[in-house]
Amino acid sequence: MISSVRGEVLSVGLDHVVVEVGGVGLAVQATPSTLATLRRGEEVRLYTSLVVREDSLTLFGFADAEARELFGLLQTVSGIGTRLALAALAVLDPDKLRTALAEGNITVLTQVPGIGRKGAERLTLELRDKVTAAGGSAETTAAPAAGAVRAEVVEALTGLGFPAKQAEQAVEKVLAAGAADTTPAVLRAALSTLGRK
């Protein structure tokens, strides 16, 4: 696997950069934010991921190793390919993406074109523990408890027949008030909030 490339930038396109490595120009797919930092004629080092398909070999490049790891991790989820994984990193920076996954923040994840509510729920369900275990920022490691409680309570409320949006708003209100922090306590408080409506 090609883990990184270093060389002169020959050209920068809308979705890729061509980097000369040992006399060979390698086309590397990248996010707009990564491409914006590159200038023709300058030397660059990109952390890369080589994706092998039956009909193609494609290099994807990232400004740092954390983004490359997230790119690979996202693709472990069924239905998420290279295009969606790259789109997620184009819309959300790695820290914001880690936090959204760890907290189960569906609203943030659905900002990515091509990821709907069900896809976002699948992402958080499958990656929440992996993202937390991977470390991330201090903010991310402190948040999973609240994120897990939020997701469990919203799931319980929707299971009871409340609309998802209404359930999310009630849970956010309870968590923002800081009156409860365990799943049963938040569920009771959210139910009483919804009962008042």
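For the structure itself, consult the block above.
As the structure is a computational prediction, the values presented were derived from the model and not from experiment.

Rules used in this analysis
Residues numbered from 1 in each chain as written. Predicted model: local features only at pLDDT ≥ 70, side-chain atom pairs only at ≥ 80, totals over all residues. Heavy atoms only, no water. Salt bridge = Lys/Arg side-chain N within 4 Å of Asp/Glu carboxyl O. Helix = DSSP H or I, 4+ residues; strand = E, 2+ residues; numbered from the N terminus. Buried < 20%, exposed > 50% of the residue type's maximum accessible area, 1.4 Å probe, protein only. Expected span 1.5 Å × (residues − 1). Arc of directions from axis to C-beta. Phe/Tyr/Trp six-rings, centres within 6.5 Å; stacked < 30°, edge-to-face > 60°. Contact = heavy atoms within 4.5 Å. Pairing = 2+ DSSP bridges. Axes fitted to C-alpha atoms, helices over the stretch in contact; angles between N-to-C directions. Parallel < 35°, antiparallel > 145°, perpendicular 65-115°, else oblique. Left-handed = near helix turned anticlockwise from the far one by under 90°. Core = buried A, V, L, I, M, F, W, Y, C linked by side-chain atoms within 4.5 Å.

Draft legend 1. Structural context of the pattern of salt bridges. Summed over the entire model, instances satisfying the criterion amount to four salt bridges. Close ionic contact of Arg6 with Glu43 constitutes a salt bridge, the shortest N to O distance being 3.3 Å. Of this pair, Arg6 sits in strand S1 (residues 4–12) while Glu43 is found in strand S4 (residues 43–52), placing the two residues 37 residues apart along the sequence. As far as the burial class goes, Arg6 and Glu43 line up, both exposed.

Draft legend 2. Main features of helix H9 (residues 164–177). Here H9 spans 20 Å end to end across 14 residues, near enough to the 20 Å set by a 1.5 Å rise per residue. For H9, the full list of buried residues reads Ala167, Ala170, Val171, Val174 and Leu175. Considered in projection along H9, the buried side chains sweep an arc of 130° and stay on one side of the axis. Those residues of H9 that are exposed and aimed more than 90 degrees away from the buried face are Lys165, Lys173, Ala176 and Ala177. Count one or two residues on from H9 and you reach Gly178, which has phi positive near 70°.

Draft legend 3. Structural view of the packing of aromatic side chains. Under the counting rule described, the total for this entry stands at two aromatic pairs. Centroid distance Phe60 to Phe71: 5.0 Å. Interplanar angle 40°. Geometry classified as tilted. Highlighted residues: Phe60 in strand S5 (residues 57–62) and Phe71 in helix H2 (residues 65–74), separated in sequence by 11 residues. Looking at Phe60, the relative accessible area reads 7%, which means it is buried.

Draft legend 4. Quick look at helix H3 (residues 82–91). Burial runs high along H3: seven of the 10 residues are buried. Taken together, the buried residues of H3 touch S4, S5, H2 and helix H4 (94–103).

Draft legend 5. Representation of the pairing of strand S3 (residues 24–29). Alignment of strand S2 (residues 16–21) against S3, held across six bridges, turns out to be antiparallel. The residue bridging Glu20 from the neighbouring strand is Gly25, located in S3. The turn linking S2 back onto S3 is made up of two residues, and Gly22 within it adopts a positive phi angle of 60°.

Draft legend 6. Here's a closer look at the packing of H2 against H3. Orientation of H2 relative to H3, taken along the N-to-C sense of each, is 140°, at an axis distance of 9 Å. As far as their axial angle goes, H3 and H2 are oblique. By crossing handedness, the relation of H2 to H3 is classed as right-handed. The segment H2 lies against H3, with Ala67, Leu70, Phe71 and Leu74 engaging Thr82, Ala85, Leu86, Ala88 and Leu89.

Draft legend 7. Molecular detail of the nonpolar core. Core analysis: the largest hydrophobic core is formed by 29 residues, its most contacted members being Phe71, Leu74, Ile80, Leu97, Leu101, Leu123 and Leu127. Elements represented by at least two residues in this core include exactly S5, H2, H3, H4, helix H5 (106–109) and helix H6 (117–133). Apart from residues lying up to four places away in sequence, Phe71 is in contact with Ser49, Val51, Phe60, Phe62, Thr82, Ala85, Leu86 and Leu89. The next biggest cluster of nonpolar side chains, apart from the first, holds 12 residues, and it includes Val149, Val153, Val171 and Leu175.

Draft legend 8. Structural context of the pairing of S1. Direction of pairing for S1 relative to S4: antiparallel, over a ladder of five bridges. Residue pairing for S4: Glu8 is matched across the bridge by Glu43. As paired strands, S1 and S2 are joined by four bridges and run antiparallel to one another. Across the sheet, the residue bridging to Ser11 is Val18, located in S2. Where S1 hands over to S2, the hairpin turn is made up of three residues, counted between the paired strands.

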